[in-house]
Amino acid sequence: MFLGIDLGTSGIKVIAINDAGEILADHSSPLTVSNPKPLWSEQTPEDWWRALVTAMAGIQLKLGEQTNNIRAIGLSGQMHGATFLDAHGQVLRPCILWNDGRSGLECEELSARLKDFQLRSGNVAMPGFTAPKVMWVAKHEPEVFAKTAKILLPKDYLAFRLTGLYRSDMSDAAGTLWLNPAQRDWDDELLAASGLDRSYMPELLEGCEIAGILSNNAALALGLPQIPVVIGGGDNACGAIGVGVTEPGQAFISLGTSGVLFAVSEGHRASPENTLHAFCHCLPERWHQMSVSLSAANSLAWFAGIVGQTIDALLRELDDSGISETDVSFLPYLSGERTPHNNPNASGLFFGLKNSTGRPQMTLAVLEGVAFSCADGYQAFSAAQTPIHDISLIGGGARSPRWRQMLSDVLQRPMIFRDGGEVGPALGAARLAQLSEHYHLPRIEFNHKVHEICPPPPVLEAHQPDESLQTYYADKLATYRQLYQQTKQLMN
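Described below are features of the structure shown in this document.

Calculation notes
Residues numbered from 1 in each chain as written. Predicted model: local features only at pLDDT ≥ 70, side-chain atom pairs only at ≥ 80, totals over all residues. Heavy atoms only, no water. Salt bridge = Lys/Arg side-chain N within 4 Å of Asp/Glu carboxyl O. Helix = DSSP H or I, 4+ residues; strand = E, 2+ residues; numbered from the N terminus. Buried < 20%, exposed > 50% of the residue type's maximum accessible area, 1.4 Å probe, protein only. Polar contact = N/O pair within 3.5 Å; in protein donor to acceptor, adjacent residues only side chain to side chain. Contact = heavy atoms within 4.5 Å. Phe/Tyr/Trp six-rings, centres within 6.5 Å; stacked < 30°, edge-to-face > 60°. Lys NZ or Arg CZ within 6 Å of the ring centre and 35° of its normal. 1 Å grid on protein atoms, 1.4 Å probe; cavity = no way out; pocket = protein on both sides within 12 Å on 5 of 7 lines; lining within 4 Å. Points joined across faces, edges and corners; volume = space filled by probe spheres on them. Nonpolar A, V, L, I, M, F, W, Y, C, P; charged D, E, K, R; others polar. Pairing = 2+ DSSP bridges. Axes fitted to C-alpha atoms, helices over the stretch in contact; angles between N-to-C directions. Parallel < 35°, antiparallel > 145°, perpendicular 65-115°, else oblique. Left-handed = near helix turned anticlockwise from the far one by under 90°.

**Remarks on the pattern of salt bridges**
Okay, step 1: Tallied over the entire structure, the rule returns 29 salt bridges.
Okay, step 2: The partner of arginine 161 in a salt bridge is glutamate 46, and the shortest N-O contact between them spans 3.0 Å. Here glutamate 46 lies in helix α1 (residues 45-63) and arginine 161 lies in helix α6 (residues 154-163), a separation of 115 residues in the sequence.
Okay, step 3: You can call arginine 161 partly exposed: its relative accessible area is 24%.
Okay, step 4: According to the relative accessible area criterion, glutamate 46 is partly exposed, its value standing at 31%.
Okay, step 5: Aspartate 185 serves as the salt-bridge partner of arginine 198, at 3.2 Å between the closest nitrogen and oxygen. Residue arginine 198 is found in the loop between α8 (188-193) and β12 (203-205), and its partner aspartate 185 is found in strand β11 (residues 185-186); the two are separated by 13 residues along the sequence.
Okay, step 6: With a relative accessible area of 36%, arginine 198 lands in the partly exposed category.
Okay, step 7: Classification of aspartate 185 as partly exposed rests on a relative accessible area of 30%.
Okay, step 8: Look at the salt bridges and you will find they share partners, linking Glu42, Arg93, Asp100, Arg102 and Glu141 into a network.

**A closer look at the side chain of lysine 155**
Okay, step 1: Inspection of the secondary structure assignment puts lysine 155 in helix α6.
Okay, step 2: A distance of 2.4 Å separates a polar atom in the side chain of lysine 155 from a polar atom in the side chain of aspartate 156.
Okay, step 3: Excluding residues that lie within four positions of it along the chain, lysine 155 makes contacts with Leu7, Leu75, Ser76, Gly77, Ser168, Asp169, Asp172, Ile231, Gly232, Gly233 and Gly234.

**Some words on the packing of aromatic side chains**
Okay, step 1: Scanning all chains against the criterion turns up 18 aromatic pairs.
Okay, step 2: Plain terms: the ring middles of tyrosine 157 and phenylalanine 160 are 6.3 Å apart, the flat faces sit at 50° to each other, and that makes the pair tilted. Remark: phenylalanine 160 and tyrosine 157 occur in helix α6; sequence separation between them is three residues, near one turn of the helix. Across this residue pair, the class does not change: tyrosine 157 and phenylalanine 160 are buried.
Okay, step 3: Among the aromatic side chains, those forming a connected cluster through ring pairs are Tyr333, Phe372, Tyr472, Tyr473, Tyr480 and Tyr484.
Okay, step 4: Here the guanidinium or amino end of arginine 102 rests over the ring plane of tryptophan 40, the centre of that ring lying 3.6 Å away.

**Re the environment of aspartate 466**
Okay, step 1: Checked against the element boundaries, aspartate 466 lands in the loop between β23 (459-463) and α17 (470-487).
Okay, step 2: When its relative accessible area of 32% is taken as the criterion, aspartate 466 is described as partly exposed.
Okay, step 3: Apart from the residues within four sequence positions on either side, aspartate 466 is in contact with Gln405, Asp409 and Gln412.

**A short note on the layout of surface pockets**
Once rolled over the atoms, a probe with the size of a water molecule shows which space is left empty.
Okay, step 1: Its volume calculated, the second largest pocket comes out at about 330 Å³.
Okay, step 2: The wall of the second largest pocket is formed by 21 residues, among which Ala20, Gly21, Glu22, Leu427 and Arg431 lie closest to the centre.
Okay, step 3: When contributions to the lining of the second largest pocket are tallied by element, the ones reaching two or more residues are α15 (424-435) and α16 (443-453).
Okay, step 4: Of the residues contributing to the lining of the second largest pocket, the split by class is nine nonpolar, four polar and eight charged.

**Topic: the sheet that holds strand β14 (residues 228-234)**
Okay, step 1: Strand order across the open sheet formed by six strands is β3-β2-β1-β5-β14-β13, with mixed pairing between neighbours. With partners counted over all chains shown, the strands left at the sheet margins are β3 (23-30) and β13 (210-213), one partner each. When the angles between neighbouring strand axes are averaged without regard to direction, this sheet yields 20°.
Okay, step 2: Across six bridges, the pairing between strand β1 (residues 2-7) and strand β5 (residues 72-77) is parallel. Note on β5: the bridge partner recorded for leucine 7 is glycine 77.
Okay, step 3: Together, β1, β2 (11-17) and β3 form the strand contacts of α1, whose direction differs from that of β3 by roughly 145°.
Okay, step 4: Contacts from helix α10 (residues 235-242) reach β1, β5 and β14 within the one sheet, and its direction differs from that of β14 by about 100°.

**Observations concerning empty space enclosed by the protein**
Okay, step 1: Applying the stated criterion to the full structure yields two cavities of 30 Å³ or more.
Okay, step 2: Estimates place the volume of the largest cavity at around 70 Å³.
Okay, step 3: What lines the largest cavity is Trp98, Asn99, Asp100, Gly101, Pro127, Gly128, Leu294, Ser335, Glu337, Arg338, Asn342 and Pro344.
Okay, step 4: Residue classes in the lining of the largest cavity are distributed as four nonpolar, five polar and three charged.
Okay, step 5: Volume-wise, the second largest cavity comes out at about 60 Å³.
Okay, step 6: Taken together, Gly81, Thr130, Ile151, Leu152, Leu153, Asp156, Ser168, Thr176, Trp178, Trp186, Met201 and Pro202 make up the lining of the second largest cavity.
Okay, step 7: Of the residues in the lining of the second largest cavity, the class split is seven nonpolar, four polar and one charged.

**A short note on unusual backbone geometry**
Okay, step 1: The step from threonine 339 to proline 340 runs through a cis peptide bond, and the omega angle for that step is 5°.
Okay, step 2: Inspection of the secondary structure puts proline 340 in the loop between β19 (329-331) and β20 (349-351).
Okay, step 3: Positive phi outside glycine occurs at histidine 80, with the angle close to 75°.
Okay, step 4: Position of histidine 80 relative to the elements: it lies in the loop between β5 and β6 (83-85).
Okay, step 5: The backbone of glutamate 285 sits at a positive phi, close to 60°, despite the residue not being glycine.

**A short note on the packing of helix α11 (residues 297-307) against helix α13 (residues 359-383)**
Okay, step 1: Contact pair α11 / α13: the axes reach a minimum separation of 9 Å and the direction vectors enclose 160°. When the axis of α11 is compared with that of α13, the two are roughly antiparallel. Every pair of crossing elements has a handedness; the one defined by α11 and α13 is right-handed. Mapping the contact onto sequence places Ser299, Leu300, Phe303 and Val307 in α11 and Arg359, Met362, Thr363, Val366, Leu367 and Val370 in α13.
Okay, step 2: The class makeup of the residues in the contact of α11 with α13 is seven nonpolar, two polar and one charged.

Given below as structure tokens:
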């Protein structure tokens, strides 16, 4: 039996799988995000630990004595967060999260300090990445920076709490702007441009390597034996493992808090001019490209909160209304936007409201706006000439059949909704824990194990594009894009 832990933005999810990959138990514990100032997004690392302890208690209730049969733990987590620790491993300030947009000026400074910055990192400097966040802290909170001894990503902080060791993996580390993804190693020049060196960094591992053994204190807190902790990967890379996206040409769209289009590549394919992220996969000798929409399912959750309804109630109301088209348009830039705009100041917007507009029309506009944001990401992949053979759908938003069909219609591509998509990153982490037992094998044999342990889950529904809606969505997409171009000067 293996455990997968996914540290998300809105909660921690823990699942247990058996050797056949079947999910035996799962439990989630919620997290909250603090927004103390405009563009700021933070969480307290201690809250992550408390949520993990709570989630593990739920797993124990479901598994009982079977908990003692767990052989290894795999980790997954939200990327890019900056967690500052002193020389004693104590947290110095709240973690600055992936959707924090305060460090726009630092991005400009970082790019200017190193002429071959994009060549080394393979990516454009964006406020969501870790490096500019650290530069912001060094500038605005020098007392914190002076005490900083280690800077960890969120899941790597959990690894530290579990093992007492500083470790990271290639996929998560690629999102810091300190890794050279082609070399799969920290880059001394990139670190120096941020005022750092390797002493601040954790040791790098492949995603299926063991980071350490569960410490006695952690084992007692979680009710587990002292078993290996496998470092795992960033949430999107682990989500890919969870839905069997391991080979070049395979792709998925995740409708989580953020929206992601992720495609495996045969090597490091940097495409910063198209605002695509080019990272390492969490499997050895594999890479991936990724477009990111900063507010996907979060846009629907935000709207539900504004109108005082649950998401399920809004979707039922939309279905009952019978509408499939709306004159209302929505820009989902509630946290700024990465692909394709790289603009932390981009703002959300409703357009086309009238006295006759009802809540269902606005709900539909939110769903469409997120789908159009994914279409912008797909266009970036097309511009980069990245081959995509098939697309799976994962994430909480993918539970909506209407949203899934809409994505197929907007992109004019078949979409596959698979079983287990909701727990994709946690399942991927558990699968990496299972793969750790075979990491010592010759590479060919190990790759066979990857295919054996990480198959695509069963198809629950396949969506084909409705060609009759192609003109409607093409016109709405054109309006969507024009709205941003005509209003971006007003966004600050």
